[in-house]
Protein chains: 2
Amino acid sequence: MISFDNFIMEDSSPIYLQILLYIKREIIAGTVKDGDELPSRRMLSALLGVNPNTVQKSYKMLEDEALIISHSGAKSNVSLDEEKKKKIRQEVLHADAETAVRTLKQMGVTKEEAFALISEYWD
Amino acid sequence: MISFDNFIMEDSSPIYLQILLYIKREIIAGTVKDGDELPSRRMLSALLGVNPNTVQKSYKMLEDEALIISHSGAKSNVSLDEEKKKKIRQEVLHADAETAVRTLKQMGVTKEEAFALISEYWD
DNA sequence: TAAACCGTATTAGTCGACTAATACACTTTT
DNA sequence: AAAAGTGTATTAGTCGACTAATACGGTTTA
């Protein structure tokens, strides 16, 4: 069962996108594997304090990307192979790194200062 | 006059916040200094292709934080001292670094891999 | 001085994100 | 078989972000 212990809700970004990204990042980390069971829409919505429809929207998008499979009436499961993993790794990791570099560079931070910052906030 | 050449509009985040953050990051970079002139609401909205009210909202929030001063009828100007600069540096740089580290760590990236990633996307 | 720009404000409307309540058919569990 | 949980769908409504059009008075500029 996928854990949402480390999920932190931001504002200024749609919740359904945050849930979507959280799951994708867990897939990249390898903590979520092929066949893993997802929490039900109702359970997760109760856990996060959001509406079931919001979770449903996240799950629907994941299903449209063929990253999960929903069996009507039963639990939903993760569906992964190496190709899919490589694809979302490229997609999410790329975007996150690019965004981080772009904002840091805009603020005039040098590469060495960036390393120092990363180190500082890593622990 | 503040330049918006490097401004890239994202979706999934309110435009008025993106403009606000862009200006704060330019202040941190030092490319925007005390007394600098801001583009007028109408000019910037035309440049970015958004509604004048959206820009007005960004400027109003900057004025509420005393980072800019608006003279009714005339141009608006940046208002900075060392204390303000230190404060927003702490606010924005802190948040950006923290977000970057949190997402990278969630994806199972090690500190060394993070350095390699930053290096890769830096140029 | 007159034109052109400026900041500010108001009103109305659209649209997406999200909530709320409910229903139905299917699967699993007891 | 019955109960509980599940995915899916529908309808209605709220709320914030954003657009659109317009107006007014002050400042700058030619």
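Chemist: Which residues make up the protein's contact with DNA strand C, and what values do they have?
Modeler: Close to DNA strand C lie 24 residues, the nearest being Ile15(A), Thr54(A), Arg41(B), Arg42(B) and Ala74(B). The separation between a base oxygen of DNA strand C and a polar side-chain atom of Arg42(B) is 2.5 Å. Looking at the surface near DNA strand C, the elements that each hand over two or more residues are α1 (15-29) and α3 (52-64) of chain A together with α2 (41-48) and α3 (52-64) of chain B. Per element, the largest residue contribution to the surface near DNA strand C is 3 residues, and it comes from α3(A). Of the residues in the surface near DNA strand C, the class split is 6 nonpolar, 12 polar and 6 charged.

Chemist: Before we move on, could you go through the protein's contact with DNA strand D and cite the residues and values that matter?
Modeler: Lining the immediate environment of DNA strand D, one finds 24 residues, of which Arg41(A), Arg42(A), Ile15(B), Asn51(B) and Thr54(B) sit closest. The share of sugar and phosphate among atoms of DNA strand D within 4 Å of the protein is 60%. Contact distances for DNA strand D include 2.9 Å between a base nitrogen and a backbone N or O atom of Gly73(A). Backbone polar atom of Ile15(B) to a phosphate oxygen of DNA strand D: 2.3 Å apart, as the coordinates give it. Sorting the residues of the surface near DNA strand D by element identifies α2 (41-48) and α3 of chain A together with α1 (15-29) and α3 of chain B as the ones contributing at least two each. Of the residues forming the surface near DNA strand D, the biggest block, 3 residues, is contributed by α3(B). In terms of residue class, the surface near DNA strand D is built from 6 nonpolar, 12 polar and 6 charged.

Chemist: Account for the environment of Ser45(B), with residues named and values stated.
Modeler: Residues and elements named next belong to chain B. With respect to the secondary-structure elements, Ser 45 resides in helix α2. When its relative accessible area of 4% is taken as the criterion, Ser 45 is described as buried. Counting along the chain gives 56 residues from Ser 45 to Val 101, while the straight-line C-alpha distance between them is 33 Å. Apart from the residues within four sequence positions on either side, Ser 45 is in contact with Val 50, Asn 51, Pro 52 and Val 55.

Basis of the calculations
- Residues numbered from 1 in each chain as written.
- Chains lettered and ligands numbered in written order.
- Predicted model: local features only at pLDDT ≥ 70, side-chain atom pairs only at ≥ 80, totals over all residues.
- Heavy atoms only, no water.
- Near = heavy atom within 4 Å.
- Polar contact = N/O pair within 3.5 Å; in protein donor to acceptor, adjacent residues only side chain to side chain.
- Helix = DSSP H or I, 4+ residues; strand = E, 2+ residues; numbered from the N terminus.
- Nonpolar A, V, L, I, M, F, W, Y, C, P; charged D, E, K, R; others polar.
- Buried < 20%, exposed > 50% of the residue type's maximum accessible area, 1.4 Å probe, protein only.
- Contact = heavy atoms within 4.5 Å.

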